[in-house]
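# Summary of structural features
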Amino acid sequence: MVKINGKSLDIAGKTLAEYLETTDYDAKRIAVERNEEIIPKSQYGQTLLTDGDSVEIVSFVGGG
Amino acid sequence: MIPTKEEMQKALRDRNGKDLQDKFFSATVAVCGLGGLGSNIAIALARAGIGKLILIDFDQVDITNLHRQQYKASQIGRYKTDALSENLSEIAPYVKIQTHTERMTENNAVALLRDADIICEAFDHPEAKAMLTDIVLDQMREKYLIAASGMAGLGNANNIKTRRITKQFYLCGDEISDVNDGIGLVSSRVMLCAAHQAHMVLRILADNFDT
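Just so it is clear, the model here is predicted, and its values are computed rather than measured.

### A look at the overall build of chain B
- From N to C terminus, chain B includes seven helices and seven strands.
- Start at the N end of chain B and walk to the C end: the helices and strands fall as α-α-β-α-β-α-β-α-β-α-β-β-β-α.
- For 211 residues, the compact-globule estimate of 2.2 N^0.38 gives 17 Å, and the C-alpha radius of gyration of chain B, at 16 Å, lies within 12% of that figure.
- The 211 residues of chain B split such that 52% are buried.
- A separation of at least 24 residues holds for 68% of the contacts in chain B among residues at least 6 apart in sequence.
- As displayed, chain B offers around 9700 Å² of accessible surface, 50% of which is attributable to carbon and sulfur atoms.
- When the 24 positive and 27 negative side-chain charges of chain B are each reduced to one mean point, those points stand 5 Å apart.

So this is what it looks like as structure tokens:
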């Protein structure tokens, strides 16, 4: 199981890019952290989600 | 009569204690974007006696900024970097200020932020926020990033929070209230979020943050 924003999902073996395609996230507006490390956008396609990963997706909204 | 540098430093050391105040004096903090968040963050940090501020913004002061950003009507048309430097120098004349009047991109971010210990993300657009987050946390791993998301509207003030994402990355705001929903940004709620960001800077410098 992979934990995404606190929720356990059965997506081990998928890449981060493959998972994101199944969601409403806009890849240009997010930052993704896995096990305390940021995953830069250029690596979403090569990042394999593995059992026990803890992932946090921060989705930015506008305003400043 | 403006006090001398020694007088102002003594007043701050007397208030905060020498050990803590000297941590503030020796810190360099970058503020990326000088709108409602950035202008308020910079003023809070200058008052606290942060040694050096790096101010980055390409834009000029506009009449539509005055309802929430720390500029004066007389400063409309000036670059925000120049106008804010002027205002900061009246509040805290001995803070060192470095300005960059240019748009931050993936290509210049590392160079612009090289000297910073802590970086405050205070941009308007979500794409810019996400870009800066990736660059700082991937390419400048020794630095801290304090970003903001969700501070628009008249929602509850108490929903503005600081959340730890990693040891190097903190996120302030309610993470929901988009500037494009409803009435846009309101000065008081933007100031709350800016205050969270500035406060997190001081907590990191005080080494009092991972609890």
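Alright, that's what it looks like, and here's the rest.
### Here we look at the layout of surface pockets
All names here are of chain B.
- There is about 370 Å³ of room inside the largest pocket.
- In terms of residue class, the lining of the largest pocket is built from seven nonpolar, seven polar and seven charged.
- Roughly 310 Å³ of volume is contained in the second largest pocket.
- Around the second largest pocket sit 17 residues that line it, and Leu12, Phe25, Gly49, Tyr94 and Val95 are the ones nearest its centre.

### Examining the sheet that holds strand β2 (residues 7–9) of chain A
- Read across the open sheet, the five strands follow the order β2-β1-β5-β3-β4 (chain A); overall the sheet is mixed. This sheet does not close on itself; its edge strands, each paired only once, are β2 and β4 (37–39) of chain A. Taken pair by pair, the neighbouring strands of this sheet meet at an average axis angle of 30°, ignoring direction.
- One ladder, built from three bridges, connects strand β1 (residues 2–4) of chain A with β2(A); its direction is antiparallel. Counterpart to Lys3(A) in the pairing with β2(A) is Ser8(A).
- Here helix α6 (residues 126–139) of chain B sits on the sheet and contacts β3 (30–34) and β4 of chain A; the angle it forms with β4(A), its principal contact strand, is near 130°.

### Focus on the side chain of Lys129(B)
- Summarising the element assignment, Lys129(B) is placed in helix α6.
- A distance of 3.2 Å separates the side chain of Lys129(B) from the side chain of Glu121(B), its partner in a polar contact.
- When near neighbours in sequence (up to four residues on either side) are disregarded, Lys129(B) contacts Phe60(A), Val61(A), Gly63(A), Leu37(B), Glu121(B), Phe123(B), Asp124(B) and Ala148(B).

### Points about helix α2 (residues 18–25) of chain B
Residues and elements named next belong to chain B.
- Among the residues making up α2, those that are buried are Gln21, Phe24 and Phe25. Along the axis of α2, the buried residues cluster in a sector spanning 100°; they form a single face.
- Of the surrounding elements, those touching the buried residues of α2 are α1 (5–16), α3 (36–48) and α7 (187–205).

### Some thoughts on the interface of chain A and chain B
- Counting from both sides, the interface comprises 19 residues of chain A and, opposite them, 34 residues of chain B.
- Roughly 2100 Å² is buried in total at the junction of chain A and chain B, and carbon and sulfur atoms are behind 56% of that figure.
- On the chain A side of the contact with chain B, Phe60(A), Val61(A) and Gly64(A) bury the most area, a combined 32% of that side's loss.
- For the pair chain A and chain B, the number of links is five salt bridges.
- Its salt-bridge partner being Glu127(B), residue Arg29(A) comes within 3.0 Å of it at the nearest N-O pair.
- Inspection of the region where chain A meets chain B yields twelve residue pairs in polar contact (both at pLDDT 80 or more).

### Comments concerning the packing of aromatic side chains
- Applying the stated rule across the entire model yields zero aromatic pairs over all chains.
- Of note, Arg103(B) hangs over the ring of Phe58(B), and the distance from its end group to the ring centre comes to 3.9 Å.

### Some words on the confidence of the model for chain B
- Taken over all residues, the pLDDT of chain B has a mean of 97, while the share at 70 or more is 99%.
- Mean pLDDT across the elements of chain B bottoms out in strand β6 (residues 161–166) of chain B (96) and peaks in strand β1 (residues 28–32) of chain B (99).

Calculation criteria
- Residues numbered from 1 in each chain as written.
- Chains lettered and ligands numbered in written order.
- Predicted model: local features only at pLDDT ≥ 70, side-chain atom pairs only at ≥ 80, totals over all residues.
- Heavy atoms only, no water.
- Helix = DSSP H or I, 4+ residues; strand = E, 2+ residues; numbered from the N terminus.
- Rg over C-alpha atoms; globule rule 2.2 N^0.38 Å.
- Buried < 20%, exposed > 50% of the residue type's maximum accessible area, 1.4 Å probe, protein only.
- Contact = heavy atoms within 4.5 Å.
- Areas by Shrake-Rupley, 256 points an atom, 1.4 Å probe, with all protein chains shown as cover.
- Lys, Arg positive; Asp, Glu negative; His and termini not counted.
- Charge placed at Lys NZ, Arg CZ, Asp CG, Glu CD.
- 1 Å grid on protein atoms, 1.4 Å probe; cavity = no way out; pocket = protein on both sides within 12 Å on 5 of 7 lines; lining within 4 Å.
- Points joined across faces, edges and corners; volume = space filled by probe spheres on them.
- Nonpolar A, V, L, I, M, F, W, Y, C, P; charged D, E, K, R; others polar.
- Pairing = 2+ DSSP bridges.
- Axes fitted to C-alpha atoms, helices over the stretch in contact; angles between N-to-C directions.
- Polar contact = N/O pair within 3.5 Å; in protein donor to acceptor, adjacent residues only side chain to side chain.
- Arc of directions from axis to C-beta.
- Buried area = accessible area lost by both parts, 1.4 Å probe.
- Salt bridge = Lys/Arg side-chain N within 4 Å of Asp/Glu carboxyl O.
- Phe/Tyr/Trp six-rings, centres within 6.5 Å; stacked < 30°, edge-to-face > 60°.
- Lys NZ or Arg CZ within 6 Å of the ring centre and 35° of its normal.
- pLDDT = per-residue confidence, 0-100.

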